[in-house]
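What follows is each chain in one-letter form.
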Amino acid sequence: MADATGGAKRAPGVESKRVLLSCSRGTSAQAGRREQRGVAAAAAAAYTAAQEEEEEEEEENVDVDVDVDVNVDVDVDVNVNGDDNSLRTSDPRRTDHQLSMHWFLSTLVGTALTSIALSQDILPFPTSCANVAASRYSNTVDSAWEITKIASGLRQPRTVIFDPLGNMLVLQASSGVSVHTFGPDGCINSTEIIVQNAQLNHGLDLTPDGKTLYVSAVARVWSYTYDAAARSATNQKVIVTGMSTSGHSTRTVAISPKNPNIILVSTGSNANWDYSSGNPSTGRACVKTFDVTKAPENGYDYNSEGTMLAYGVRNEVAIAWDPNAHAWGVENSGDDFRRTVDGQATDVHIDNPAEELNYLGDPESPRTPNWFGYPTCFTVWEPSLFKDTTALKTGSQFVVTPNTTFNDASCVGVSNPPRLSFPAHMAPIGSVFDKNATNLYVTFHGSWNRQPAQGYFVAEIPFTKTEEGLYEPVAAPDSQEGYKTVIGAQNPGSCSGTSCWRPSGISWDKVGEKLFVSSDNEADGEIFVLRRK
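The structure reproduced in this document is the subject of the present report. Computed from a prediction, not measured in an experiment: that's the story for all the values here.

Before going further, it helps to examine the overall build of the protein. Along its length, the protein carries 2 helices and 36 strands. Considering only contacts in the protein between residues 6 or more positions apart, those separated by 24 or more positions represent 58%. Only carbon and sulfur atoms are counted for the fraction: they give 48% of the accessible area of the protein, which is about 22400 Å².

This is how it looks when you write it as structure tokens:
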């Protein structure tokens, strides 16, 4: 039953609290920024107040109206009763729904966050940020993009993500996790550490509802209860343990956007040539999935538990989700390769093996086979260096020492070849799709064992959606032109681990308009924001 104002009629004695959240795009930029800050504050205040009421289990009636104007008018009249927790809307066509307090909180905060997300473009793209030093190293930026440095002095910022309120979370290796808020000028206006743990080295992800945070160290994955409004992480819990502590130490954690109870955890090989990792039971050079709702009290044992999504992936650090919630990985392949045929060794390492873009697939329905070649089958980038055969091309798989019983052809149909290849030794460690999956963006950290050096750039890889509804790179698997550079070191051939920027973390903001990239060079941990002009 509606009252004279068109809202749901309130029962006698119901306390009325009205929270007006307005982000009309028709306002001036300055007014819009003021309103945006008001939205954030109102959302945080409403969220905190409602949580406190739930915890105290007060037997009182609270009636909250949320009015959001972002080119559309939405008037939601929420009546939370201490006895039956009901929700009513001002639409007379809808009936009462018995909902829990958690549902109410999600609805209220979700409405406010939607308003914030839609209005984030009110925040300008910063042309400079006060008290932030100029970029430590010279870079070249594609003419279609612009870039501004927004942070410096961080400690190896490996991974960057955003929470539902638009706060930026950064995993700083050997330090912990920091959270950064933004002011009306688009620059960072506050920074605080929410997790202090010197063991953390790379993995960081947040569930879509923004309530559970995951981080990784060499041997473990932990979860935390995360509160975006309070910017806090509490209730640490071990989710996965028992990972190898030798060899590649990076452990990527990725949460399925379709089923946030499923997390992916990757491990690398324990050496350049880790022959025993061809046996998946070793728990190395692989990507496994775990259902966090069934995690044992002391966490899963990585080697013996979980589901194998992919093995034979030497070091699959850069993992991204396409809109189907299918996983793509970009692999760090091997070093110092020599092709040996009939006892004659030829050095092919300068441009082989290729770094690989692998389609890992749906974590709830793993591929068959799910072996991707390592430590036996590798991928060609530059075929001209193979003097013993003309059959290989970019994207072909090869073996290092072919013989009559096992050779290049033995990989076909047994190992999953990459969907696209990249030059050798560039060290991909971060990746993310744009909001429509028209492009995949990858950070190439840069080579250490190639002269001249290569990498040290962010790549844009065009994707397309097939008639079957799947996502694929536009370029053919044998292409050497399936990507372009968005931003890179000005003179990558002379770069080293300390003389150039080292792109690492990469993430879009919540509306998919601004691309944030970190550089984890030990001399200065930096973060940049980019956008198309």
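Next, the rest of the story.
All right, on to the sheet that holds strand β28 (residues 420-422) then. Taken in spatial order, the 4 strands make up an open sheet running β21-β22-β25-β28, and their pairing is antiparallel. What marks the edges here is a single partner per strand, and that holds for β21 (316-321) and β28. Averaged over all adjacent pairs, the angle separating strand axes in this sheet is 25 degrees, with direction ignored. Here strand β22 (residues 327-331) pairs with strand β25 (residues 355-361) via 5 bridges, running antiparallel. Among the inter-strand pairings, Ala327 is bridged to a residue of β25, identified as Gly361.

Before going further, it helps to examine the pairing of strand β29 (residues 428-433). Taken across its 6 residues, β29 has 6 buried, putting it largely inside the fold. Count of turn residues in the β29/strand β30 (residues 439-444) antiparallel hairpin: 5 residues, of which Ala437 carries a positive phi of about 55 degrees.

Attention now moves to the sheet that holds strand β7 (residues 145-154). Reading across the sheet, the 4 strands line up as β7-β36-β35-β34 and stay open at both edges, with antiparallel pairing between neighbours. Two strands lie at the open edges of the sheet, namely β7 and β34 (503-508), each paired on one side alone. On average, each strand axis in the sheet is tilted by 20 degrees relative to the strand beside it, whichever way the strands run. Taken together, the 4 bridges between β34 and strand β35 (residues 515-519) define a ladder with antiparallel strand orientation. Bridge pairing in β35 places Pro503 opposite Ser519.

Before going further, it helps to examine the environment of Ala345. With respect to the element layout, Ala345 can be found in strand β24 (residues 344-347). On the accessibility criterion, Ala345 (43% relative accessible area) is partly exposed. Apart from the residues lying within four places of it in its own chain, the contact partners of Ala345 are Arg338, Arg339 and Thr340.

Glancing now at the pattern of salt bridges. All told, the structure shown has 18 salt bridges when counted by the stated rule. In this structure, Lys258 and Asp362 form a salt bridge, with 3.5 Å as the shortest nitrogen-oxygen distance. On the criterion of sequence distance, the pair formed by Lys258 in the loop between β16 (253-255) and β17 (262-267) and Asp362 in the loop between β25 and β26 (378-379) is long-range, its members being 104 residues apart. Between Arg419 and Glu472 there is a salt bridge whose closest N-O contact spans 2.5 Å. Of the two residues, Arg419 sits in the loop between β27 (397-398) and β28 while Glu472 sits in strand β32 (residues 471-473), which places them 53 residues apart along the sequence. One network of salt bridges, with partners in common, ties together Asp142, Glu460, Lys484 and Arg532.

Now for the side chain of Arg314. In this fold, Arg314 is placed in the loop between β20 (307-311) and β21. With relative accessibility at 3%, the residue Arg314 sits in the buried group. At a separation of 2.7 Å, a polar atom in the side chain of Arg314 contacts the main-chain carbonyl oxygen of Ser333. Once residues lying within four places of it in the same chain are set aside, the contact partners of Arg314 are His248, Gly268, Ser269, Asn272, Ala285, Glu331, Asn332, Ser333, Gly334, Asp335 and Tyr374.

Quick look at the side chain of Ser415 now. Position of Ser415 among the secondary structure elements: in the loop between β27 and β28. Overall, the relative accessible area of 4% leaves Ser415 in the buried class. A distance of 3.2 Å separates a polar atom in the side chain of Ser415 from the backbone nitrogen of Gly373. Polar side-chain contacts of Ser415 include one of 2.9 Å to the side chain of Gln397. In this structure Ser415 touches Trp371, Phe372, Gly373, Cys377 and Gln397, once residues within four positions along its chain are discounted.

Evaluated as defined, the whole model comprises 3 disulfides. Covalently, Cys129 is tied to Cys187 through a disulfide, its sulfur atoms 2.0 Å apart. Torsion about the S-S bond of the Cys129 and Cys187 cystine: about -90 degrees, corresponding to left-handed handedness. Residue Cys129 is located in the loop between α2 (101-119) and β6 (139-141), and its partner Cys187 is located in the loop between β10 (176-182) and β11 (188-196); the two are separated by 58 residues in the primary sequence. Overall, Cys187 belongs to the buried group, its relative accessible area being 5%.

Right, let's get into the environment of Ser143. Along the chain, Ser143 turns up in the loop between β6 and β7. Assessed through its relative accessible area of 63%, Ser143 is described here as exposed. Separated by 390 residues in the primary sequence, Ser143 and Lys533 place their C-alpha atoms 8.5 Å from one another.

What follows deals with the packing of aromatic side chains. Within the structure shown, the criterion is met by 23 aromatic pairs. A ring pair is formed by Phe337 and Phe378, whose centres lie 4.7 Å apart and whose planes are at 90 degrees; its orientation type is edge-to-face. You can see Phe337 sitting in the loop between β22 and β23 (338-341) and its partner Phe378 sitting in strand β26, a full 41 residues away along the chain. With respect to class, Phe337 is no different from Phe378; both count as buried. Three or more aromatic residues joined by ring pairs form one cluster here, namely Trp273, Tyr275, Phe337, Tyr374, Phe378, Phe386 and Phe398. Across from the ring centre of Tyr302, 5.4 Å away, lies the NZ or CZ of Lys288, which sits over that ring.

Definitions and limits used
- Residues numbered from 1 in each chain as written.
- Predicted model: local features only at pLDDT ≥ 70, side-chain atom pairs only at ≥ 80, totals over all residues.
- Heavy atoms only, no water.
- Helix = DSSP H or I, 4+ residues; strand = E, 2+ residues; numbered from the N terminus.
- Contact = heavy atoms within 4.5 Å.
- Areas by Shrake-Rupley, 256 points an atom, 1.4 Å probe, with all protein chains shown as cover.
- Pairing = 2+ DSSP bridges.
- Axes fitted to C-alpha atoms, helices over the stretch in contact; angles between N-to-C directions.
- Buried < 20%, exposed > 50% of the residue type's maximum accessible area, 1.4 Å probe, protein only.
- Salt bridge = Lys/Arg side-chain N within 4 Å of Asp/Glu carboxyl O.
- Polar contact = N/O pair within 3.5 Å; in protein donor to acceptor, adjacent residues only side chain to side chain.
- Disulfide = S-S within 2.5 Å.
- Phe/Tyr/Trp six-rings, centres within 6.5 Å; stacked < 30°, edge-to-face > 60°.
- Lys NZ or Arg CZ within 6 Å of the ring centre and 35° of its normal.

The quantities given are spatial measurements derived from coordinates; they are silent on function.
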